[in-house]
Amino acid sequence: MIIVKTREEIELMRESALIVSKTLGMIASEIKPGVSTLYLDKLAETFIRDHGAEPAFLGMYGFPNSLCMSPNSQVVHGIPTDKPLEEGDIISVDCGALKNGFYGDHAYTFEIGEVAPETKKLLQVTKESLYVGIRQLRTGNRVEDVGNAIQNYCESHGYGVVRELVGHGLGQKMHEEPEMPNYGKRGRGKLLIEGMVVALEPMINMGTKNIKQHKDGWTITTADGKPSAHFEHDIAIIDGKPELLSTFAYVNKALGIVTNEEDEFRKVPFVI
């Protein structure tokens, strides 16, 4: 069952999402070659707590850290380590925060120094596919309309769309109905309705769509060892249309990126 949120609840969820957005922005200013993911994880935990929230991932289902940090061929759910990041790496940083009883949850894949052009293109297309999917989050559409749009966009560039891992509804639980796959057929799946909130998160591989689970019970990598990218936003359906609760504005500011890609999903442009 989809749990519809009131306008007041959506505003509380926006607070939680923005704490995650600010955390990712802080990470963007610290992430570089030579820095360990475990160091960044500790920074994030402190930052989230200092902003009046709890790290949502820490202890959830037994996960040992505050950030899921998944470099290169890791798709998602990577466990932070003391191994330094290297020039040319990419890394998905997935973060969650709990405040006022509601969760925020979104992710960004960072470039570490100069990365290969084909890897840079993977990140660009994956990020673009997120917004392609968000455009379909309208009342009257169905869940697989969203996944179909993401799938077609990514597969048109020759990439593999992960099947086993999906986005999800969001609220007082981290994972609510409906599941939001990044693939599908138009006209199928649950009806999208006013007041629903979802975390949409394309997980796109440079090569095969197939993945493998590692013995630690968490780490998931591409089956062929090629890179994977992951971007995630929190979105509410308000007045029949998608509205972003999260933002990459803090990341963009830290990295010197100028873009208006989020403006169409807000009543007014987001200003830091």
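Further up the page is the structure itself.
Not measured: the values here are computed from a predicted model. (Residues numbered from 1 in each chain as written. Predicted model: local features only at pLDDT ≥ 70, side-chain atom pairs only at ≥ 80, totals over all residues. Heavy atoms only, no water.)

Enquirer: Would you mind showing me how to read the pairing of strand β14 (residues 233-238) here?
Expert: Sheet faces and side chains relate simply in a regular strand, where the side chains alternate between the two faces. Among the six residues of β14, six are classified as buried, and the element is accordingly described as predominantly covered. Here strand β9 (residues 197-200) pairs with β14 via four bridges, running antiparallel. Bridge pairing links V197 to A236 in β14. Two elements, β14 and strand β15 (residues 241-244), share four bridges in a ladder whose sense is antiparallel. Counted as the bridge partner of I238 is K241 from β15. Connecting the antiparallel pair β14 and β15 is a turn made up of two residues, with D239 showing a positive phi of about 55°. (Buried < 20%, exposed > 50% of the residue type's maximum accessible area, 1.4 Å probe, protein only. Helix = DSSP H or I, 4+ residues; strand = E, 2+ residues; numbered from the N terminus. Pairing = 2+ DSSP bridges.)

Enquirer: Would you explain the packing of helix α3 (residues 117-134) against helix α4 (residues 143-155) in this entry?
Expert: Interhelical geometry of α3 versus α4 gives an angle of 150° and a closest axis separation of 8 Å. With respect to α4, the element α3 is oriented roughly antiparallel. The element α3 and its partner α4 pack so that their crossing is right-handed. When α3 is examined against α4, the residues V125, E128, S129, V132 and G133 are found in contact with a partner set consisting of V146, A149, I150, Y153 and C154. Tallied by class, the residues present in the contact of α3 with α4 amount to seven nonpolar, two polar and one charged. (Axes fitted to C-alpha atoms, helices over the stretch in contact; angles between N-to-C directions. Parallel < 35°, antiparallel > 145°, perpendicular 65-115°, else oblique. Left-handed = near helix turned anticlockwise from the far one by under 90°. Contact = heavy atoms within 4.5 Å. Nonpolar A, V, L, I, M, F, W, Y, C, P; charged D, E, K, R; others polar.)

Enquirer: Help me understand the environment of I204, please; the structure alone is not making it clear to me.
Expert: Within the fold, I204 resides in strand β10 (residues 203-205). Judged by its relative accessible area of 0%, I204 is buried. With 82 residues separating them in the primary sequence, I204 and L122 have C-alpha atoms 7.9 Å apart. If sequence neighbours within four positions are ignored, I204 has contacts with L122, T126, C154, Y159, G160, V161, P227, S228 and A229.

Enquirer: Can you help me understand the environment of R135 in this one?
Expert: Within the element layout of this structure, R135 appears in the loop between α3 and α4. Through-space distance from the C-alpha of R135 to that of D145 is 10.0 Å; in sequence the pair is 10 residues apart. For R135, the contacting residues outside a window of four places in its chain are E264 and F265.

Enquirer: What exactly am I supposed to notice about the packing of aromatic side chains here?
Expert: Evaluated as defined, the whole model comprises seven aromatic pairs. Judged by centre distance (5.0 Å) and plane angle (80°), the rings of Y108 and F248 are edge-to-face. Remark: F248 occurs in the loop between β15 and α5 (249-255) and Y108 occurs in strand β5 (residues 102-111); sequence separation between them is 140 residues. Of the two residues, Y108 and F248, both sit in the buried class. Relative to F270, the ring of Y250 lies with its centre 5.9 Å away and its plane at 70°, an arrangement referred to as edge-to-face. With Y250 in helix α5 and F270 in the segment after α5, this pair connects stretches of sequence that are 20 residues apart. In textbook terms, an aromatic cluster arises when at least three aromatic residues are bridged by ring pairs, as seen for Y108, F110, F231 and F248. Sitting over the face of the ring of Y183, R163 holds its NZ or CZ atom 4.9 Å from the ring centroid. (Phe/Tyr/Trp six-rings, centres within 6.5 Å; stacked < 30°, edge-to-face > 60°. Lys NZ or Arg CZ within 6 Å of the ring centre and 35° of its normal.)

Enquirer: Looking at this structure, how should I read the side chain of E45?
Expert: Along the chain, E45 turns up in helix α2 (residues 37-50). For E45, a relative accessible area of 19% corresponds to the buried category.

Enquirer: Is there a simple way to explain the sheet that holds strand β12 (residues 220-222) in this structure?
Expert: Across a sheet, paired strands are connected by hydrogen bonds in the backbone, their directions being either parallel or antiparallel. With antiparallel pairing, three strands are arranged side by side in an open sheet as β3-β12-β11. Every interior strand has two partners, whereas the edge strands, β3 (74-76) and β11 (211-213), have only one. Adjacent strand axes in the sheet meet at a mean angle of 40°, parallel and antiparallel pairs treated alike. Where β11 and β12 come together, three bridges link them in antiparallel fashion. Residue pairing in the sheet places K212 in a bridge with T221 of β12.

Enquirer: Sorry if this is basic, but what is going on with the sheet that holds β9 here?
Expert: Read from one edge to the other, the open sheet built from five strands follows the order β8-β7-β9-β14-β15, with strand pairing classed as antiparallel. Strand pairing shows two members of the sheet lacking a second neighbour, β8 (176-180) and β15, which therefore form its edges. Each strand of the sheet is rotated relative to its neighbour by a mean of 30°, with strand direction disregarded. Strand contacts of helix α1 (residues 7-30): β9, β14 and β15, with the helix running at about 165° to β14, the strand carrying the most contacts.

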